[in-house]
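# Fold and contact review
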Amino acid sequence: MDCIFCKIVKGEIPCAKIYEDKEFLAFLSIGPVNKGHTLVIPKEHSKNLFDFPKAEESDLVEFLKKVADAVVKGTGADGFNLSLNNGKAAGQLVFHTHFHIIPRFNNDGLKSWPEEGYINNEEMEDYRKKISDSLD
Ligand code: AMP
Ligand code: ZN
């Protein structure tokens with residue numbers, strides 16, 4: 001598998017490791033949004049969240065919380081963003097499922113998402129229905 005994060009899991013490429021257990025690995029991103037920006041990856045390859053095995057889902061939340069707590073305490077952050085870029089259109093560059101834990105500081109100057117808004121309530125209802133009707 002020619003995947004950079006799989007190579008990190010196998011120790012073929014070095015990483016600044018924070019923590020690991022049987023299923024997951026946490027390490028510093030080489031391109032931090034803020035210093036301490038940490039990535040959490042499942043050790044088993046999956047390309048994105050839809051591909052991620054159900055059996056590992058509950059363990060993942062526990063792992064993320066443990067690492068996020070350490071990121072906040074270790075950097076002295078005031079909060080954190082947890083994000084996942086799912087697909088190229090969303091900014092995913094590495095196609096091995098990974099979560100970003102980004103420490104945030106009061107007045108760090110980073111902007112959150114711009115709000116587009118809906119034209120009117122009918123348009124909002126249209127989106128609500130399209131998404132709701134698409135649930136499997
Ligand atoms: P994404 O755009 O969601 O796919 O994010 C990819 C992330 O992986 C970015 O934060 C990159 O800085 C980070 N990254 C890429 N290669 C490495 C690497 N070898 N070690 C650590 N972080 C990496
Ligand atoms: Zn991989």
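Summarised in this report is the structure supplied together with it. Keep in mind the model is a prediction, meaning the values are calculated, not measured. (Residues numbered from 1 in each chain as written. Chains lettered and ligands numbered in written order. Predicted model: local features only at pLDDT ≥ 70, side-chain atom pairs only at ≥ 80, totals over all residues. Heavy atoms only, no water.)

## What about the pairing of strand β2 (residues 24-28)?
Note on strand geometry: in a regular strand, side chains alternate between the two faces of the sheet. Under the convention used in this document: For every residue, the accessible area (1.4 Å probe, protein chains only) is compared with the maximum for its type, and the residue is labelled buried under 20%, exposed over 50%, or partly exposed between those bounds. The way it works is that DSSP assigns letters per residue, a run of H or I at least four long becomes a helix, a run of E at least two long becomes a strand, and they are numbered from the N terminus. When DSSP finds two or more bridges between a pair of strands, those strands are recorded as paired.
By the criterion of burial, β2 is predominantly enclosed, with four of the five residues buried. Of the pairings in the sheet, the one linking strand β1 (residues 17-20) to β2 comprises three bridges and is antiparallel in character. Among the inter-strand pairings, Tyr-19 is bridged to a residue of β2, identified as Ala-26. From the end of β1 to the start of β2, which pair antiparallel, there are three residues. Looking at chain direction, β2 and strand β3 (residues 38-42) are connected through five bridges and run antiparallel. What sits directly across from Ala-26, in β3, is Val-40.

## Brief notes about the sheet that holds strand β4 (residues 79-83)
We apply this condition: In this analysis an axis means a line fitted to C-alpha atoms, helices contributing only their contacting stretch, and an angle means the value between N-to-C directions, from 0 to 180 degrees.
Overall, antiparallel pairing links the five strands, which are arranged β1-β2-β3-β5-β4 in an open sheet. The open sheet has two edge strands, β1 and β4, and neither has a second partner. Geometrically, the sheet is characterised by an average inter-axis angle of 20° between neighbouring strands, direction not taken into account. Looking at chain direction, β3 and strand β5 (residues 99-104) are connected through three bridges and run antiparallel. The residue bridging Val-40 from the neighbouring strand is Phe-99, located in β5.

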